[in-house]
Amino acid sequence: MPSPLLALAWRESRTARRRLALYMSSIALGVAALVAIDSFTDNVTTSVREQSRALLGGDVSLSTRQPFPAKVTAIVDSLAGAGYGVADQVTFASMALLPGTGKTRLAQVRAVSAGFPFYGEITTQPAARWNALQEGRTAIVDPALLTSLGGKVGDELALGAGRFTIVATIDNVPGETGIAAAIGPRIYVADRWLPETGLLVFGSRAEYQTLIKLPANAANPKQFEQRFEKRLQSDRVRLRTSVENEFNLTRSIEQLRDFLGIVGLVALLLGGIGVASGVHAFVMRKIDTVAILRCLGATSRQVLVIYVAQAALMGLAGAIAGAAIGVGVQFLLPQVMRDFLPVDVSVRLSWPAILLGLGVGVWVALVFALGPLVSLRRISPLQALRREGDAEALRRARRDPLGWLVTLAIVASVVAIAISRAGSVRRGLAFAAGVGGAVLALWVSAGAVSWLARRVVRPGWPFTVRQGVAALYRPGNQTRAVALALGFGVFLMSTLYQVHGTLLRQLSLRLDASSANLVFFDVQDDQHAGLDSMIRAQGFSVVQEAPIIPMRISAINGVAVEQLMRDTTPGRRRAGWAMRREFRSTYRDTLVLSETLVAGKWFHDGSTGDTSQASVEKDVAEELHLTLGDVVTWNVQGVQVPVRITSLREVNWARFEPNFFVVFEPRALRDAPKQFVLLARVPGQEAVSRLQAAVIGQWPSISSVDLTLVQRTVKDVLTRVTMAIRFMAALSLALGIPVLFSAVSATRRERLREGVLLKTLGATRRQIGRILLSEYALLGLLGSLTGVALSFAAAWGLVRFVFEGTFVPTFAPALLVAAAMILLAVTIGLITGREVFAQTPMAAL
């Protein structure tokens, strides 16, 4: 092609390139999401690597659910004598009482020794008060505890029989998320005061942890692990190193990245759709220009190269702009996610993420732009002389085999990006299939509405309504493009509200279904009768009580646990967690409402036989390969208790009441040392607080949980989770706005020509406005309703298979989102159609 023609085409399309740049903003937002997510993940991973020792508190951590055996204590003492740093922490749940206000709250008590932690800094308010913990009977607490108890720094705090002065509040603890304080406020005290509290008694659930700091000349943590792991494992002591802790946290972050990767995938796909719509509008305006260039001697190949080069440059510009936006967004993500992150994230530029975003953005822009651009190859020179409709000219030009190759490239690109974002082929294909299914559903529904609109319109309808409905099926319609853009946005937002609303509703129903609202646990055998009497004396009822006996599996069918764990034969290997764990079991002669018998027969108190009977939860039975008739020998505080499995149960763990993996017949454990859980019905918050204070005053080791407080806590946690997810959903929804502009602008020339002809035929400005209003209201209604329908299906799948609950649709939020999207579609349609009002009838002549 002669260079003057090339220069002519380039100068002629300067205005069009400005419009094309607007369309490329679609890909800019997609790249922004990609760069922000990848940069955020890289920053968190780097921060975990840099803070791995601070997150653990030491080089090595030893932890167990029981006091360390003498053999382990001797190992720790020998390490301390050899110059290793040793610090201890005991963590357990207990009731905290503020005598000044008389209020109580279940809290996480952490008794720590001097020097804890070795790495990282626990910051406080007032600052630098952590060392004051070892100076006397002092406590440092979560601010949430003071808020709930109505206290302040300087008040006295009661933990069991111990009294402590609150000297500061916790500002930050390395390795712990902000959400932890919502579940259970933390209280730190010095471990030397722990015995005088009297809180750790038989059956108390506590975690004992020892942090070890390696000397500078000692072996690295991995070598330490190889030296001691087997010796400690036999005593059920878990050994963790800072390296292992880093690996586990990094894996969790990668799972978060996979979740956010779905958002990035949707963002890129929406960006691609926006590019395709924008380039389609660009091509529609270039039909006459291409026809003139062909008359002047340009070949179809040269025409394609000109406009592909323009699209590539605009795609690069959009990707660069998107990368810049993504770098800015990455500074916001740590703030949005801070309650769920175990580290203080240091935000820095991640060049691999930026370069990847640029490369993927340019490729997506180019491959989606090729679809409409390929049709320019078939534009005839006669189009410069023969005035057929732009849509008809483009339809003729689309009969190009190269178009099928471009479609195949688009599908392959989406699948490849999905696999790379998901981290595995299987999940990537699932993501791509899910996105493809949503696109297909939106596309089919739009096609169905276009087909239906042609057949339902009636001559008796108002003229403006008939014209608006006709826009859904006439040549150059934008039904599918708008349905995709709107439908995706509504789909994301509505799904979020549906799942969130269903989870909160189920939580409320479960709490309302429970006949008790106050749970007492860690009740010793000699306290049981007194507590029962105190509850009833105040006019309240005890709804349910359950004895609890801690135990471990000793043997199955006469084969010791140690031997069973060494058997790794496929199909015979039993779950290690179930073989090693401490079971907290109960005994009774009846089923409760949360249980359903699925196999075998239930025992009764008068059962006879040499071997006692037990019922096992079906999932645990599968993990242990237990069948009816098997004999399991339990180690109950040193006593071997063999029982025969006579039934299997399905347990509804979601109910707020005591549930157990194993239930024994009463004669098997009636005489064993035990503690109790009591559920009481105590109406009124004042009565609950009064009873809790009375119980703590009489028995400080007894803890209690107000189920209404649990409900508020869980709602608070879900609200924080929802805010984080809502931010990402809003980011995805923002991607739909430029896509909508592109989709609506794609038929701008057709709309302008039709509007001018209508004005020539006598249509008023108001009538044309009503026609546009009808068209875009119908388009918005189509996209919104389809998105809502898809969100119901997606929310049902998430609730049913991920959260294992019962889905109940919430119509009000879904309709509000749909109404907002309809308003958005109408607004964008009227904005892009304002040129119709400005043109005079002379333009048609």
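See the structure printed just above.
A brief look at the structure comes next. The model shown is predicted, which means the values in this text are computed figures rather than measured ones.

### Here we look at the overall build of the protein chain
Here is step 1 of the chain: Helix and strand counts for the protein chain come out as 29 helices and 21 strands.
Here is step 2 of the chain: Here the contacts in the protein chain between residues at least 6 apart in sequence split such that 82% fall between residues at least 24 apart.
Here is step 3 of the chain: For the protein chain, the exposed surface amounts to about 37,400 Å²; the carbon and sulfur share of it is 60%.

### Some points on the packing of helix α3 (residues 25-50) against helix α11 (residues 300-330)
Here is step 1 of the chain: As a packed pair, α3 and α11 sit with axes 7 Å apart at the nearest point and diverge in direction by 40°. Relative to α11, α3 is oriented oblique. Our pair here, α3 against α11, has a crossing hand that is right-handed. Counted together, Ile-27, Ala-28, Val-31, Ala-32, Val-35, Ala-36, Ser-39 and Asn-43 of α3 and Gly-315, Gly-318, Ala-319, Ala-321, Gly-322, Ala-323, Ile-325, Gly-326, Val-327, Val-329 and Gln-330 of α11 form the full contact between these two elements.
Here is step 2 of the chain: In the contact of α3 with α11, the residues fall into twelve nonpolar, seven polar and no charged.

### Some remarks on the nonpolar core
Here is step 1 of the chain: Residues Leu-269, Val-275, Tyr-307, Phe-368, Leu-373, Leu-376 and Phe-488 are the most contacted members of the largest nonpolar core, which totals 48 residues.
Here is step 2 of the chain: Secondary-structure elements contributing two or more residues to this core are α3, α10 (242-295), α11, α13 (351-374), α15 (401-422), α16 (425-456) and α18 (479-513).
Here is step 3 of the chain: Tallying contributions element by element places α10 first for this core, with twelve residues.
Here is step 4 of the chain: Among the nonpolar cores identified, the runner-up in size contains 29 residues, and Met-551, Tyr-587, Val-662 and Leu-669 belong to it.

### Topic: the pairing of strand β17 (residues 631-636)
Here is step 1 of the chain: The element β17 is largely enclosed, with a buried count of five among its six residues.
Here is step 2 of the chain: Pairing of strand β12 (residues 541-556) with β17, which is carried by four bridges, proceeds in the antiparallel orientation. Bridging from a neighbouring strand, Ile-556 pairs with Val-632 of β17.
Here is step 3 of the chain: Sheet topology places β17 next to strand β18 (residues 639-651); six bridges connect them, and they run antiparallel. Note on β18: the bridge partner recorded for Val-636 is Val-639.
Here is step 4 of the chain: Turn length for the β17-β18 hairpin, with the two strands adjacent in sequence and antiparallel, is two residues, and the turn residue Gln-637 shows positive phi of about 50°.

### Details of the pattern of salt bridges
Here is step 1 of the chain: For the structure shown, the criterion picks out ten salt bridges.
Here is step 2 of the chain: A salt bridge links Arg-536 to Asp-532; its shortest N-O distance comes to 2.7 Å. In this pair, Arg-536 and Asp-532 both sit in helix α19 (residues 525-537), four residues apart, roughly one turn of the helix.
Here is step 3 of the chain: Take Arg-536: its relative accessible area is 45%, and that puts it in the partly exposed class.
Here is step 4 of the chain: With relative accessibility at 15%, the residue Asp-532 sits in the buried group.

### Some thoughts on the side chain of Ser-703
Here is step 1 of the chain: With respect to the secondary-structure elements, Ser-703 resides in strand β21 (residues 703-706).
Here is step 2 of the chain: Non-local contacts of Ser-703, meaning those with residues more than four positions away in its chain, are made with Ala-93, Ser-94, Met-95, Leu-106, Val-519, Phe-520, Phe-521 and Asp-522.

### Description of the packing of aromatic side chains
Here is step 1 of the chain: This structure, assessed with the given rule, holds ten aromatic pairs.
Here is step 2 of the chain: On the basis of an interplanar angle of 20° and a centroid distance of 4.5 Å, the ring pair of Trp-602 and Phe-603 is categorised as stacked.
Here is step 3 of the chain: With a centroid separation of 5.0 Å and an interplanar angle of 55°, the aromatic rings of Trp-653 and Phe-661 are classed as tilted.
Here is step 4 of the chain: An aromatic cluster is defined as three or more aromatic residues linked by ring pairs; in this entry it consists of Trp-577, Phe-583, Trp-634, Trp-653, Phe-661 and Phe-664.
Here is step 5 of the chain: The ring centre of Phe-583 lies 5.1 Å from the NZ or CZ of Arg-581, which sits over that ring.

### Examining the packing of α11 against α13
Here is step 1 of the chain: Direction vectors running N to C along α11 and α13 enclose 145°, while the axes themselves pass 8 Å from each other. Judged by the twist between their axes, the crossing of α11 over α13 is right-handed. Contacts between α11 and α13 involve Leu-304, Tyr-307, Val-308, Ala-311, Ala-312, Gly-315, Leu-316, Ala-319, Ile-320, Ala-323 and Val-327 from the first element and Ile-354, Leu-358, Gly-361, Val-362, Ala-365, Leu-366, Ala-369, Leu-370, Leu-373 and Val-374 from the second.
Here is step 2 of the chain: By residue class, the composition of the contact of α11 with α13 is 19 nonpolar, two polar and no charged.

Cut-offs used in this document
Residues numbered from 1 in each chain as written. Predicted model: local features only at pLDDT ≥ 70, side-chain atom pairs only at ≥ 80, totals over all residues. Heavy atoms only, no water. Helix = DSSP H or I, 4+ residues; strand = E, 2+ residues; numbered from the N terminus. Contact = heavy atoms within 4.5 Å. Areas by Shrake-Rupley, 256 points an atom, 1.4 Å probe, with all protein chains shown as cover. Axes fitted to C-alpha atoms, helices over the stretch in contact; angles between N-to-C directions. Parallel < 35°, antiparallel > 145°, perpendicular 65-115°, else oblique. Left-handed = near helix turned anticlockwise from the far one by under 90°. Nonpolar A, V, L, I, M, F, W, Y, C, P; charged D, E, K, R; others polar. Core = buried A, V, L, I, M, F, W, Y, C linked by side-chain atoms within 4.5 Å. Buried < 20%, exposed > 50% of the residue type's maximum accessible area, 1.4 Å probe, protein only. Pairing = 2+ DSSP bridges. Salt bridge = Lys/Arg side-chain N within 4 Å of Asp/Glu carboxyl O. Phe/Tyr/Trp six-rings, centres within 6.5 Å; stacked < 30°, edge-to-face > 60°. Lys NZ or Arg CZ within 6 Å of the ring centre and 35° of its normal.

Keep in mind these numbers describe shape, not what the thing actually does.
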